[in-house]
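Architecture at a glance
If you want the building blocks of each chain, they are given just below.
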Amino acid sequence: QGSVAQGSAGQTRFTLLDGMRGFAALGVLSFHVVVLSIYPYLDSWYLLVDFFFVLSGFVLFPSMPQKIRSFPKDALRFVVKRVFRFWPMLLAVLLFTWAAHTYLIQAETILKPAPTFPDPNFTSELFVQSLLLMHIWVSAAIAMNWSLWSLSAEWFANLIFTPLTALKGFGIWLGIIAGYVMLWYGLNHDQDWIGNSSTFGSGPIREWEALGRAMLGFGLGLLVRKHLTFLSKIRNWWMFVISLAVAWLLFQSHGFFQDDMVYWTTYFAGPVFAL
């Protein structure tokens, strides 16, 4: 019982998830720090982004539209809250990125007679596209700030699931199935961008594969929270140990898949983290 606390306005806060969120954040940071270094065994930690998608769905389910009758009002309230959640941080990050780029332009101009800047990824048009969270659809905007792809994917997943949660019984499942279809299509039709274990690529972080990962993880998080009362009946230490073991296998299996199959672990990341 110590892992559950009541917050303001009657909202339930799962304090254990705060610790897991912190661990996952450190894991993602570690991946980005060592991705080009001598620690290749950490290359599977990119999957922790899928954990954040699942966690987001789990946390947001109570605030999403639940009834068709009150859908317009509930949907507007949910979307507005997400806007105020995303955009202050997004604007701060983009302004910092733009300021750093401007400084580099000046430094390059001073230090070299033929500057290589301005980088085409820092145009005013791409800044606006980044501000609109279009990263997964505009590849050049991703390079402006690579980590924002996940925020972009989650934003579009939020919008798609907003009407689906109001469809009782099958809406969430429909979104999860759509996520699998998107992920399958993206992984099989975007190989030049994604890359594999033999060629350097950017990974499944744009277009349909990115949105599919977000849809899959977010939908499973919604599903777990929706059926939490029932699932709590089978929640015990043995299930916890089993889930940790399955998660360990997920990270280890990344190294077993080679060539075009290297990112197929994303099919299983959502269900494992939901477990």
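Residues numbered from 1 in each chain as written. Predicted model: local features only at pLDDT ≥ 70, side-chain atom pairs only at ≥ 80, totals over all residues. Heavy atoms only, no water.

1. Some thoughts on the nonpolar core
For the record, the criterion: The nonpolar core is taken to be a set of buried Ala, Val, Leu, Ile, Met, Phe, Trp, Tyr and Cys residues, with the residues joined through side-chain atoms within 4.5 Å. Exposure categories follow from relative accessible area, calculated using a 1.4 Å probe and restricted to protein chains: below 20% of the type maximum is buried, above 50% is exposed, and the middle band is partly exposed. The helix count covers DSSP runs of H or I at least four residues long, the strand count covers runs of E at least two residues long, and both are numbered beginning at the N terminus. Only heavy atoms enter the contact rule, under which two residues are in contact if any of them lie within 4.5 Å.
Of all hydrophobic cores here, the largest spans 65 residues; its most connected members are Phe161 and Phe273. If you tally residues by element for this core, the top one is helix 9 (residues 207–226), at 10 residues. Once you skip the residues sitting within four places of it in the chain, Phe161 turns out to touch Met64, Ile172, Gly175, Ile176, Met215, Phe218, Gly219 and Leu222.

2. A word on the packing of helix 2 (residues 48–60) against helix 12 (residues 266–274)
We apply this condition: Only the stretch in contact is used when fitting a helix axis, every axis being a line fitted to C-alpha atoms; angles between N-to-C directions are given from 0 to 180 degrees. Convention used here: angles under 35 degrees read as roughly parallel, angles over 145 as roughly antiparallel, angles from 65 to 115 as roughly perpendicular, and any remaining angle as oblique. If you view the pair so one helix is near and one far, a crossing is left-handed when the near helix is turned anticlockwise from the far one by less than a right angle, and right-handed when it is turned clockwise.
Orientation of helix 2 relative to helix 12, taken along the N-to-C sense of each, is 55°, at an axis distance of 9 Å. Viewed along their axes, helix 2 and helix 12 adopt a mutual orientation that is oblique. Crossing handedness for the pair helix 2 and helix 12: right-handed. Two secondary-structure elements touch here, helix 2 through Leu48, Asp50, Phe51 and Val54 and helix 12 through Ala269, Gly270, Phe273 and Ala274.

3. What about the pattern of salt bridges?
Short version of the rule: Any carboxyl oxygen of Asp or Glu that lies within 4 Å of a side-chain nitrogen of Lys or Arg is treated as forming a salt bridge with it.
Enumeration according to the criterion identifies five salt bridges in this entry. Of the charged contacts in the structure, one is a salt bridge between Arg77 and Asp74, with a shortest N-O distance of 3.1 Å. Here the residue Arg77 and the residue Asp74 both occupy positions in helix 3 (residues 71–111), the gap between them amounting to three residues, near one helical turn. Overall, the relative accessible area of 15% leaves Asp74 in the buried class. Where Arg82 meets Glu154, a salt bridge forms, and the shortest distance between an N and an O atom there is 3.0 Å. Remark: Glu154 occurs in helix 6 (residues 148–164) and Arg82 occurs in helix 3; sequence separation between them is 72 residues.

4. Some points on the side chain of Ser44
Among the secondary structure elements, Ser44 is positioned in the loop between helix 1 (15–34) and helix 2. The residues contacting Ser44, other than those within four sequence positions of it, are Phe251 and His254.

5. So, helix 4 (residues 124–131)
Condition: For this quantity, the arc is that covered by the directions from the helix axis to the C-beta atoms.
Among the residues making up helix 4, those that are buried are Leu126, Phe127, Gln129 and Ser130. Looking straight down helix 4, one finds that the buried residues subtend no more than 165° of arc, so they occupy a single side. Summarising the geometry of helix 4, the exposed residues directed more than 90 degrees from the buried face are Ser124 and Glu125. Backbone geometry just after helix 4 places Leu133 at a positive phi near 55°.

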